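What follows is the residue order along each chain.
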Amino acid sequence: MRRNNPHILVWNEVLQDLRFILKMTSLDLVITYSALLLFNIFIDGYGNNEDGSFFESIGVTTVFLLLTFAFPFIETLLLQLIPILLLKKTGLHKWIIIIIDALLFSSLHIPQYDLYVEIVYSFPGGIILAWSFIKYYKVSWFRAFYVTMTIHALSNFINCALILFDESTSYL
């Protein structure tokens with residue numbers, strides 16, 4: 001009897017999505033901070049943004065809200081949903097689509113330091129987001145969208161919180 005209860009099925013799907021979101025966000029953060037550590041070791045001055053005028057002009061709260069809510073929504077729409085659906089129509093293999101989408105994602109992030117460093121830094125996150133979108137697109141486009149957007153938003157939220165609460169960084 002419990003097997004046929006639709007509420008149990010929905011909660012199981014929600015819990016499955018949350019576990020996946022947490023795993024992918026954790027993977028993204030491990031890769032991101034490993035890359036940041038390597039860049040700090042091998043590239044002198046990486047992470048010392050001298051010109052934080054844009055972020056300073058709009059305020060920390062606005063930056064936090066943009067990076068954790070607005071940008072993940074817009075970027076999931078423009079950098080995963082639309083490109084992946086268009087690329088799927090070409091008949092390309094899913095991993096080719098994922099790599100193309102990850103390159104698009106990483107190349108469209110505003111370079112703060114060096115374009116090539118930023119692409120290498122954001123490419124793994126682009127792979128995680130594109131793969132997550134394609135994995136969940138098999139279930140539904142809406143689920144693919146919200147899972148991908150939530151991974152992006154949670155990753156940005158954690159990154160913003162760490163940066164805002166770390167007085168030694170000068171990113172903002």
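Higher on the page you've got the structure.
Values in this document were obtained by computation on a predicted structure and should not be read as measured data.

Asks: With reference to specific residues and values, describe the overall build of the chain.
Replies: When helices and strands are tallied, the chain shows six helices and zero strands. Starting at the N terminus and ending at the C terminus, the chain contains elements arranged as α-α-α-α-α-α. The burial tally for the chain puts 34% of its 172 residues in the buried class. Considering only residue pairs separated by 6 or more positions, the chain has 72% of its internal contacts joining residues 24 or more positions apart. For the chain, the accessible surface area stands at approximately 10700 Å², while carbon and sulfur atoms represent 69% of it.

Asks: Give a description of a positive patch on the surface that names residues and reports values.
Replies: Together, K88, K94, K135 and K138 line one region of the surface with positive charge. Note that K94 resides in helix α4 (residues 94-107). Take K94: its relative accessible area is 32%, and that puts it in the partly exposed class.

Asks: Break down the nonpolar core for me, with residues and values.
Replies: F20, I84, V147 and I151 are the most contacted members of the largest nonpolar core, which has 20 residues in total. The set of elements that each furnish at least two residues to this core consists of α1 (6-42), α3 (60-88), α4, α5 (115-137) and α6 (141-165). Take this core: its biggest share by element is six residues, from α5. For F20, the contacting residues outside a window of four places in its chain are W131, S132, K135, Y136, V147 and I151.

Asks: Describe the packing of α3 against α6, naming the residues involved and giving the relevant values.
Replies: For the pair α3 and α6, interaxial distance at closest approach is 9 Å and the crossing angle is 150°. Judged by the inter-axis angle, α3 sits roughly antiparallel to α6. Considering how the two elements wind past one another, α3 and α6 form a crossing that is right-handed. Of the residues in α6, those touching α3 at V60, F64, L67, T68, P72, F73, E75, T76, L77, Q80 and L81 are W141, F145, T148, M149, H152, A153, N156, F157, C160, A161 and L164. Residue classes in the contact of α3 with α6 are distributed as 15 nonpolar, six polar and one charged.

Asks: Outline a nonpolar patch on the surface, listing residues and values.
Replies: Together, F73, I74, L77, L78, I82 and L86 make up an exposed nonpolar region whose accessible area comes to about 520 Å². Looking at the element boundaries, L78 is found in helix α3.

Asks: Explain the pattern of salt bridges residue by residue, including any values.
Replies: Taken as a whole, this structure holds one salt bridge when the rule is applied. Measuring nitrogen to oxygen at the nearest pair gives 2.7 Å for the salt bridge that ties R143 to D17. Linking R143 in helix α6 with D17 in helix α1, this pair joins segments that are 126 residues apart in sequence. When its relative accessible area of 10% is taken as the criterion, R143 is described as buried.

Asks: So, the packing of α3 against α4: which residues are in play, and what are the values?
Replies: Running from amino to carboxyl end, α3 crosses α4 at an angle of 150°, the nearest separation of the two axes being 10 Å. Classified by the interaxial angle, the pair formed by α3 and α4 is roughly antiparallel. Between α3 and α4 the crossing geometry is right-handed. Counted together, E75, L79, Q80, P83, I84, L87 and K88 of α3 and I97, I100, D101, L104 and F105 of α4 form the full contact between these two elements. Looking at the contact of α3 with α4 residue by residue, the class counts come to eight nonpolar, one polar and three charged.

Asks: Account for the side chain of S155, with residues named and values stated.
Replies: Along the chain, S155 falls in helix α6. If sequence neighbours within four positions are ignored, S155 has contacts with T25, D28 and L29.

Conventions and cut-offs
Residues numbered from 1 in each chain as written. Predicted model: local features only at pLDDT ≥ 70, side-chain atom pairs only at ≥ 80, totals over all residues. Heavy atoms only, no water. Helix = DSSP H or I, 4+ residues; strand = E, 2+ residues; numbered from the N terminus. Buried < 20%, exposed > 50% of the residue type's maximum accessible area, 1.4 Å probe, protein only. Contact = heavy atoms within 4.5 Å. Areas by Shrake-Rupley, 256 points an atom, 1.4 Å probe, with all protein chains shown as cover. Patch = residues over 30% accessible without salt bridge, like charges linked within 9 Å, V, L, I, M, F, W, Y side chains within 5 Å. Salt bridge = Lys/Arg side-chain N within 4 Å of Asp/Glu carboxyl O. Lys, Arg positive; Asp, Glu negative; His and termini not counted. Charge placed at Lys NZ, Arg CZ, Asp CG, Glu CD. Core = buried A, V, L, I, M, F, W, Y, C linked by side-chain atoms within 4.5 Å. Axes fitted to C-alpha atoms, helices over the stretch in contact; angles between N-to-C directions. Parallel < 35°, antiparallel > 145°, perpendicular 65-115°, else oblique. Left-handed = near helix turned anticlockwise from the far one by under 90°. Nonpolar A, V, L, I, M, F, W, Y, C, P; charged D, E, K, R; others polar.

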